[in-house]
Amino acid sequence: MAEQASLESPVWNRPLPDDPELAAQVREIREKHLLQDARPPREVAEKVLGPMARLGRVFWLALIVLGGLTATWLVVWAYQAYQGMGVTGLNRTIMWAPYIVNFVYFIGIGHAGTFISAALRVLKFEWRAPISRAAESLTVFALLVAFTMPLIHMGRVWKFYWMLPFPNQRQLWPNPRSPIFWDMTAIFTYLTCSMLFMYLGILPDIAIAREKASGWRKRLYTVLALGWRGTDREWKHLDTTLNVFSYGIIPVMFSVHTVVSWDFAMTLQPGWNSSIFGPYFVVGALYSGVGAVIIIMAILRKALHLEYFLREEHFNAMGKFLLILSFTWVYFYFNDYLLPWYHKEPILTVIFRLFTSGWAAPLWFTMLIANILIPWATLWSRKVRSSIPALVGVALLVQAGMYIERYLIVAVTLGYPELPFDWAVYVPRLPEILITLGVFAFVVLGITVLSRLVPIIPIWEVVEGQLLQGTRRIGRAIFPAKTEAD
Amino acid sequence: MSELKTRLLDRGQSAAAAPKTELPSHKWTMLIDLDKCTGCNACVVACHVENNVPIRSEREVIRGHGQHWIRIERYWEGEGDAQRATFLPMLCQQCSNAPCEPVCPVYASVHSERENLNLQVYNRCVGTRFCGNNCPYRARQFNWFAPQFEGPITEMLNPDVTVRSGGVMEKCTFCVQRIRRVEEDALVEGRPLRDGEMVPACAQTCPTSAIVFGDRSDPQSQVAQRLGGQREFRVLEHLGTAPNVYYLKAGGSDGGAS
Amino acid sequence: MADTQLLGLFNEAASTAEVIERLRRAGLGDEQVSVISSVPYRSRMLRRPEITSRISAVAGIGALVGVVIGLAITFGTYLLYPLPVGGQPQFPIPPTLIVVFEVTMLGMMWAAFGAFLFFNRMPVFGQPPFSEDVVDGSIGVLVQAEESRSASVERLLREAGASAVERFDSSARANNRTWIKMMGGAGAAVTLALVLALLLAYDVIKIPFPTDMADTVSIAHLQGPRLAAPAQAVPVQGPVFIAGQPAVPQVASSPSSIQRGQVLFGINCLMCHGEKGQGNGRLATYFNPKPADLTGEKVRAFADSDIFLVISLGRGQMPSLAENLSPASRWDVINYVRSLQK
C-alpha cells in the first residue's frame, strides 16, 4: 500500500467524532440517511449486483405465473383479432371501454417514473437517487403496454400501419387533426426518449457490472456498456445529455397525458368535453404513478434485499408526495364535478346521479374512499408513511381507486349520450378481463426480469451522492449537510 | 406533320365540343315529418336491403351489436291511459360540421363539399371507432363481426354497394350509390337533375311518405318548399353539428318527439 | 515515435488534484491527461479546465430539424390532402402546434443521444486503457506521453502516491477506424431496412391479403350465372329476372326462328364461340378460360331459361348482350343453338 499524501481520507472511511454524544448523533444520521451512510463502492456495488444472480423459488414461481398470464394475453388477443371485436362486451353506444381504460391507466402510471427521474433531478431532490431507475423501468414497461392497447382495440389491427405517416404507392396519409395522431407522436416521443434516458443513466452501472460479472452476463454487459470507461469527457457528455433529456422530457411528459385526455375532450360526449381534462389527467397520472412506484419499490426491496438502499426516508418522502398529489387530484376532480351538480344540465345531471345514487354508486364511493378518505386519514402520519406495509396498502388502494376513476370516465360515461334511446351499460366479458390481467402481469414480469438483468439501483448516483454529502455541526447538534456541486 | 398541325389547331375546338364531366353541386337534405311517421320500420328494412347492411340475430342486437343505418327511436311519454309512443327515425344526420370527421386518424371519414355529404371510406377504415364515439346521434354502426351472407341471400345484395368486412365502420350515406347513378344519367343526357329523381331507399319505401329527400339548393324542390315552417327542428342543434336532416314536429301541443 | 498511455490509480480527489498539478508543471498539457472514475468528479475538484460539451448545440439543431419535420408533416398534409373534415379550416393551427411540439422534442432528444454516442465514439471497440480498480472507487489519471518520457512520468505518478501504475499501447486511432466501419455498417443496415419498408409500401414486393373488400360476395350485373329457379318452383322465365322488361314468352322453335337465330348468331356470337358454336371462334385465343363449347355436355344440360340468362346478363368474360338482342331475338338465338346441339 503506497503512502497516501492526502489531506482527507475517502468518504467511506470518515471517522466518528470523539465526543460520544456527537458520535451517537452521527451514527443515527448514518442509519437514517442512505447518502450519509457511505460504504466503499465495491461494497455498494456488491449489494446491488449480488442479489441479481441469486434466483430463488419465489422468482421462478413469479416468472411462471406472470409468463402464463402474459401468454394468455397474447393468445386472447389473437383470438379477438381473428373473431372480431364482437367477442368483447362493447356495443354500439359504448365503443371504447376496457382497452382505453387500460391505455389511460398505464400511460398514467408511466408519468411517475419520468417525474421522479427527470423532474426531481432538475429540482435537485437527492432522495430520488435509489428510486429513479426502478421508477423509469415502470415507465418503460407501462408505456410499452399502453402502446399496444390502441392496437388491441382496433377493428382491423393488421392495418395499423396505415396510421403512420409513410410514403406509399396508394398515396395515402394519416390525418394530423385526429387526436389519435397526436397520441402517436406524443407516445412515440415519450416512449423512445424515456428508454434512451433510462439507458443513459444505466451506462455507468453496466460498466461496473461488466467488470464484476462473468460468463454470459459479462458478454451482455460488455455489449450494452458500449465501452463506457468513465473518462471526464464521457462524464461531461453524459451530464449534458442527461440535462437535455431531463429538461426535455418534462414538457413531453405533461403533454403526453394531456394529449391522451384530448382523445376524450375533443368529443361531444357529455362528461368528456370538459376543458379541465388536460391538467386533470396529468395530475391523476402522477397520483396513480407515484402509488405504483411505491409498490414497485417495496417489492424490489424485498426481492433483491435492498434494505441498505431503500430506507424509511424514501418511503416517507414518497408518502408525502402521494398525499400532496392526493390533494391536487381532489382539487381537479371537485372542479370537474362541481359543475353538473350546480347547474343541472340534463344529461350531465343524469350521469352525475348515476355516480351518486345510480348503479355506478358502489364504484364511485369505492373510488372516493380509496382515493380521498383513506389517503387523507393515514398519510399525514409519519408512522404510516414510514411503515412499508401500511404505505403499500394505501398505494394499492390508490391504484384501485384510480382505475375505477378511469373506468367511470371511459366505460360508464360513454354509455350516456344525449339521446336517451341509445343509453347502454358496458358489461366486461372474459376476453377483456383476461387481456387486462395479462398486461398487468406483463408489466410486473418486465420489471422483475429487468431487475435481474441490469442494476435496478443507480450505483453511481448513490456513490456520487454519498461523496457529496456530509455532516455539519452547529453548536452541540450535528446535521446532515448536502453539497451543491453544480 | 399535317396531322400534328391538325391536332394542335383542333385542340381548342375539341375541348369545347367535349362533354362536360364536372358534376354540379347539391345540398342533399332529408325532411322527416314526424306527424306522418307510424314507426312501421319499413325504412329500416329497405335500408338493409339497399345497402347490404348485415342482419344481426336477436341475441346480438340485445348485446348491442345490431347494425341499423336508420332506426326508429321510440320514446314513451305519459302514464297509464295517457301513455303514448313517439317515434324518431334516427339516421346519420350528414352534418355540415360533422364531429366524426376530424377525429379519424386515417381520413376514412371525410366531407364532400360538392354534395354536402359525409363520406365513409370503407376500405380505409382501420376500426379505431373514434368517429362512433364522437357522433352525438350514435348514428355510426360498427361491424363487430364479419358479416355472413350465405346462399341465396347473396342474390339480394346490391352490387352497387360494397359488402363491408369485419372491423369497419359504416353509416347511412343518403344512398350515395343512387345519387351517383342519377347524376351520371343526368350528365349523359345533358340535363340537370329533377326533383324527385333521386330517392333513397328509406324515402322510396315509406308508406306514409314521411321521409322526403331532395336538394335544398333547388328552390323548386319539395324539401326547399317545406323547410322554414314552424314545425321544423333539427336534433341536437345546439351542439353545432349543423345536421342536414330536418324534422317536422308531430301535431299536438306537447311538440311531439324530442 | 510511439506513444504510451500510463494509468495511475489514486484513492481520492485531493491527491488526484495534486498529481494533475504536478503533471502540468512537468510540461504535460491538459490534452494529454484525462481522468477516469466511476463517479463524476467536477473539473474544479481536480483543477482541470472545464470541458465544453457541444451536445446542447447539437440538441438545439435536432430541435430545429424536428420543427421542420413537424411543419412538413402537418402543412404538407394540409396542402397535399385538402380533404375537408368537420368544418375545420384547411390550415388548422392547434393540431399543427401539438404535432410540431412533439416532433421537436423528439428531434432534440434523439439528436442529443446521437451526439452523445458520436462525441464519445461509442460503441467503443478494442480495449482502451482501463482498470478494474476504477470501478471500486479509485480515480485513474491517464497520461499520454512519448515513449522517451514514459519512465519519468511513471516515477512522477508513483511519487505522488499512485496505488498502481499500468502501461497501455496507444490504440486510439485504431478505435476510430473500427468505429467508423461499425457505425457505417449500422447505418447501412438501417438504410436497408427503410428501403425494404419502402419496397413493401410501394407494392414492389406484394403481400396478398385476404381481407380486401374487393372480393365481395355480392354479385355484380356482369357476373353470372345467377341462380335459376329450382325444378319444382313456379316456372319463371328469363325476362322476369330483368327489371323493366315485360315478361316475354318463349318463342317456339320453328325453321324461321332458327334461321333468324343463325343470322343473329353470326353477328353476335360467332366470333368467340365459333361457326359451329364449339368455342373456337377467331377471338377464342384471347380468352382464358376459352369461350364455352355450346355443343358440349354442360350447355346441353342447361335449361333454355339458363341460356337466356347467360345471354342477358353475361357470364365471366362474356358481356351482357341485352342491349344487342331483344328478348325475342334472344329466344331465336337459343333455338339456333339447340339446333346446333342436335
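Values in this document were obtained by computation on a predicted structure and should not be read as measured data.

If you tally the helices and strands in chain C, you get eleven helices and four strands. Out of the 342 residues belonging to chain C, those deemed buried represent 32%. Partitioning the intrachain contacts of chain C with sequence separation of at least 6 by distance along the chain shows that 74% fall at a separation of at least 24.

Residues and elements named next belong to chain A. For helix H12 (residues 361–378), built from 18 residues, the straight-helix expectation of 26 Å at 1.5 Å per residue is met to within 8% by its first-to-last C-alpha distance of 24 Å. Of all the positions in H12, only Trp 364, Met 367, Ala 370, Asn 371 and Pro 375 are classed as buried. Elements that come into contact with the buried residues of H12 comprise helix H10 (312–343), helix H11 (346–357) and helix H14 (388–412).

All names here are of chain B. Pairing within the open sheet is mixed, and its four strands lie in the order S8-S1-S10-S9. Looking at strand neighbours, the two that pair on one side only are strand S8 (211–215) and strand S9 (232–233), the edges of this open sheet. In this sheet, S8 lies alongside strand S1 (residues 28–33) in antiparallel orientation, the contact comprising five bridges. By the bridge assignment for S8, Ile 32 is matched with Ile 211.

This part is about the interface of chain A and chain C. Across the contact, 54 residues belong to chain A and 59 residues belong to chain C. Listed by contribution, the elements that provide at least two residues to the side of chain A that touches chain C are helix H2 (41–53), helix H6 (179–212), helix H8 (232–265) and helix H16 (459–468) of chain A. The element best represented in the side of chain A that touches chain C is H8 of chain A, accounting for 16 residues.

Let us now look at the environment of Asp 169 of chain C. Here Asp 169 of chain C shows up in strand S4 (residues 164–169). The spacing of Asp 169 of chain C and Arg 315 of chain C is 146 residues in sequence and 84 Å in space, taken between C-alpha atoms.

Under the domain assignment used here, chain C contains domain 1 (3–170) and domain 2 (238–341). With centres defined by C-alpha atoms, the gap from domain 1 of chain C to domain 2 of chain C works out at 84 Å.

This part takes up the confidence of the model for chain C. Confidence along chain C averages 85 in pLDDT terms, with 88% of residues attaining 70 or more. Interface confidence for the predicted complex, expressed as ipTM, amounts to 0.91; the pTM equals 0.85.

Buried together is how nonpolar side chains tend to be arranged in soluble globular proteins. Counting 248 residues, the largest nonpolar core has Ile 107, Leu 138, Val 290, Val 293 and Val 410 of chain A, Ile 211 of chain B together with Ala 112 of chain C as its most contacted members. It is H6 of chain A that provides the largest number of residues to this core, a total of 17 residues. Discounting chain neighbours no more than four positions away, the residues touching Ile 107 of chain A are Leu 143, Ala 146, Ile 187, Val 256, His 257, Val 260 and Ala 285 of chain A. Counting residues in each nonpolar core, the second largest holds 17 residues, with Cys 272, Leu 294, Phe 308 and Val 333 of chain C among its members.

In terms of strand pairing, strand S1 (residues 469–474) of chain A meets strand S2 (residues 477–482) of chain A through six bridges, oriented antiparallel. By the bridge assignment, Gly 470 of chain A is partnered in S2 of chain A with Ala 481 of chain A.

Next up on the list: the confidence of the model for chain A. Residue-level pLDDT values for chain A average 92, and 98% of them are 70 or greater. When the criterion is pLDDT under 50, residues 1–7 of chain A qualifies, and its contacts beyond four places in sequence or with other chains add up to 15 contacts.

Okay, the pairing of strand S2 (residues 70–77) of chain B next. Consecutive side chains along a regular strand alternate between the two faces of the sheet. Residue and element names in this part refer to chain B. Note: S2 against strand S3 (residues 84–91), eight bridges, orientation antiparallel. Within S3, the position partnered with Glu 77 by the bridge is Arg 84. In this antiparallel pair of consecutive strands, S2 and S3, the connection spans six residues, and Gly 78 shows a positive phi of 85°.

Once that is clear, we can look at the sheet that holds S4 of chain C. Residue and element names in this part refer to chain C. On the basis of which strands lie adjacent, the open sheet formed by four strands has the order S2-S3-S1-S4 and antiparallel pairing. Both edges of this open sheet fall to strand S2 (33–36) and S4, since each of them pairs with a single strand only. Each adjacent strand pair in this sheet contributes to an overall mean axis angle of 25°, direction not counted. Pairing of S2 with strand S3 (residues 139–146) involves four bridges; the strand directions are antiparallel. Pairing of Ser 34 across the sheet is with Leu 142, part of S3. Lying over the sheet, helix H5 (residues 150–159) contacts strand S1 (3–10), S3 and S4, oriented at roughly 5° with respect to S1.

A word on the packing of H10 of chain A against H14 of chain A. All names here are of chain A. Running from N to C, H10 and H14 point in directions that differ by 30°, and their axes come no closer than 11 Å. Taken as axis vectors, H10 and H14 run roughly parallel relative to one another. By crossing handedness, the relation of H10 to H14 is classed as left-handed. Counted together, Phe 315, Gly 319 and Leu 322 of H10 and Ile 388, Leu 391, Ala 395 and Val 398 of H14 form the full contact between these two elements. Here the contact of H10 with H14 is composed, by residue class, of six nonpolar, one polar and no charged.

Quick notes on the rules
- Residues numbered from 1 in each chain as written.
- Chains lettered and ligands numbered in written order.
- Predicted model: local features only at pLDDT ≥ 70, side-chain atom pairs only at ≥ 80, totals over all residues.
- Helix = DSSP H or I, 4+ residues; strand = E, 2+ residues; numbered from the N terminus.
- Buried ≥ 20, exposed ≤ 12 C-beta atoms within 10 Å, placed from the backbone.
- Contact = placed C-beta atoms within 7 Å.
- Expected span 1.5 Å × (residues − 1).
- Pairing = 2+ DSSP bridges.
- Domains from an automatic or database assignment.
- pLDDT = per-residue confidence, 0-100.
- Core = buried A, V, L, I, M, F, W, Y, C linked by C-beta atoms within 7 Å.
- Axes fitted to C-alpha atoms, helices over the stretch in contact; angles between N-to-C directions.
- Parallel < 35°, antiparallel > 145°, perpendicular 65-115°, else oblique.
- Left-handed = near helix turned anticlockwise from the far one by under 90°.
- Nonpolar A, V, L, I, M, F, W, Y, C, P; charged D, E, K, R; others polar.

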